[in-house]
Every structure is written in C-alpha cells, then in structure tokens.
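Structure assessment
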Amino acid sequence: MKAVLFAILASLVWGSAPLLFKLGLKGSIPYMTALIVHNFTAFFVALLILFLTGERFEVSIREGLAIALGGFMSGFLGLFLFFKALRLGDVSLVSPIASTSPLWSAILAYLVLGESINLMKFLGIILTVLGIAVISYSSR
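In short, a report on the structure. Keep in mind that this is a model prediction, so the values were computed, not measured.

With that settled, the discussion passes to the layout of surface pockets. Any empty space left between atoms is shown by rolling a water-sized probe over those atoms. Of the voids in this model, the largest pocket is the one considered here, and its volume is about 1400 Å³. Trp14, Ser74, Ala98, Ser99 and Ser101 are, among the 33 residues lining the largest pocket, the residues nearest its centre. Counting only elements with at least two residues in the lining of the largest pocket, the list comes to helix H1 (2-25), helix H3 (61-88), helix H4 (91-98) and helix H5 (101-113). Among the elements that take part in the lining of the largest pocket, H3 stands out by supplying ten residues, more than any other. Classifying every residue of the lining of the largest pocket by side-chain character gives 22 nonpolar, eleven polar and no charged. Approximately 640 Å³ is the volume attributed to the second largest pocket. Taken together, the residues that form the lining of the second largest pocket break down as nine nonpolar, four polar and four charged.

Turning our eyes to something else, we now look at the environment of Thr41. Note on placement: Thr41 falls in helix H2 (residues 31-53). In sequence terms Thr41 and Gly131 are 90 residues apart; their C-alpha atoms lie 33 Å from each other.

H4 packs onto H3 with a crossing angle of 155 degrees between their chain directions and a minimal axis gap of 8 Å. In this view, H3 runs roughly antiparallel relative to H4, as classed from their interaxial angle. The handedness of the crossing between H3 and H4 is right-handed. Along its contact with H3, which presents Phe82, Ala85 and Leu86, the element H4 presents Val91, Val94, Ser95 and Ala98.

With that settled, consider the side chain of Thr100. Its place among the elements puts Thr100 in the loop between H4 and H5. Leave out the neighbours within four places in its chain, and Thr100 touches Thr128 and Ile132.

Let's shift gears to H3. Helix length check: H3 (28 residues) gives 39 Å between terminal C-alpha atoms against 40 Å at 1.5 Å per residue, within 8%. The sharpest bend along H3 reaches about 35 degrees and sits at Leu79. Regarding H3, the residues found buried are Gly75, Leu79, Phe80, Phe82, Phe83 and Leu86. Buried positions along H3 lie against H1, H2 and H4.

About the criteria used
- Residues numbered from 1 in each chain as written.
- Predicted model: local features only at pLDDT ≥ 70, side-chain atom pairs only at ≥ 80, totals over all residues.
- Heavy atoms only, no water.
- 1 Å grid on protein atoms, 1.4 Å probe; cavity = no way out; pocket = protein on both sides within 12 Å on 5 of 7 lines; lining within 4 Å.
- Points joined across faces, edges and corners; volume = space filled by probe spheres on them.
- Helix = DSSP H or I, 4+ residues; strand = E, 2+ residues; numbered from the N terminus.
- Nonpolar A, V, L, I, M, F, W, Y, C, P; charged D, E, K, R; others polar.
- Axes fitted to C-alpha atoms, helices over the stretch in contact; angles between N-to-C directions.
- Parallel < 35°, antiparallel > 145°, perpendicular 65-115°, else oblique.
- Left-handed = near helix turned anticlockwise from the far one by under 90°.
- Contact = heavy atoms within 4.5 Å.
- Expected span 1.5 Å × (residues − 1).
- Bend = angle between axes of the 7 residues up to and from the residue.
- Buried < 20%, exposed > 50% of the residue type's maximum accessible area, 1.4 Å probe, protein only.

So this is what it looks like as structure tokens:
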C-alpha cells in the first residue's frame, strides 16, 4: 500500500512539474542551461537531505553504473527532449505523450527483466496507447 501511495505522490509531482518547465522555457533560456539548473537543484537538495538524515553515501560499481546510465537517460536525454517538445508544443499535448513512459517500462521490464504481463497490465498498456491517440487526435 505504501508503494502505491508514493507512486501516486510521484505522479502528482511529475504531473505538476511540466507547468513550471513550460513557464521557465517561455523565455530565452537555452536548453542546456535549463538542464543544468534542473539537475543542480536536484543534486543539492539530495545532498542536503543526505547530510540532514545522516544517511551514508555508498554504492557498488555495478549499481552506480546502472543508476548513472538511468540518470543520463532520464535526467539529461529525456529532459532535453522533453524541454524541446514543451517549447514547441502545448503542455496539454506534450505531457500526456511523454507520460507514456510506463508503457515502455512495462515492455522493457518484460523483455529485459522477465517480469510478467498479465491481462490487467496488458489492458492498461492498451488503454494508455488509446488515450494518447485520442489526446493527439483532439489536439489537431
């Protein structure tokens, strides 16, 4: 139950952030500057929380590389592409399309991690794709 609560909270936070990104990208801030501001803010807040909680900073090389690659993909490449899309399009179109990431996660988890896809997960994936198609079509 706690996992679901945290997932809902993450969704709320991630759903709100694009509005702030769009407001910030309305000006002439370069994409790389926006990414640096975003990632430095995340880094310093995480560092502060690490310091305040007294949690130890430890990571194995394998875990560190996997997380670093994930950070590159989501914290740099994904955000770079998302910022470009936000500058060019409406939040109400760009954000739902970009939010199909769970679709790709489910497919990749099945292919790479061997996770199962039951009927309900499959139905959710299909509904996600259909929902994005409807949003995309309605934005024309």
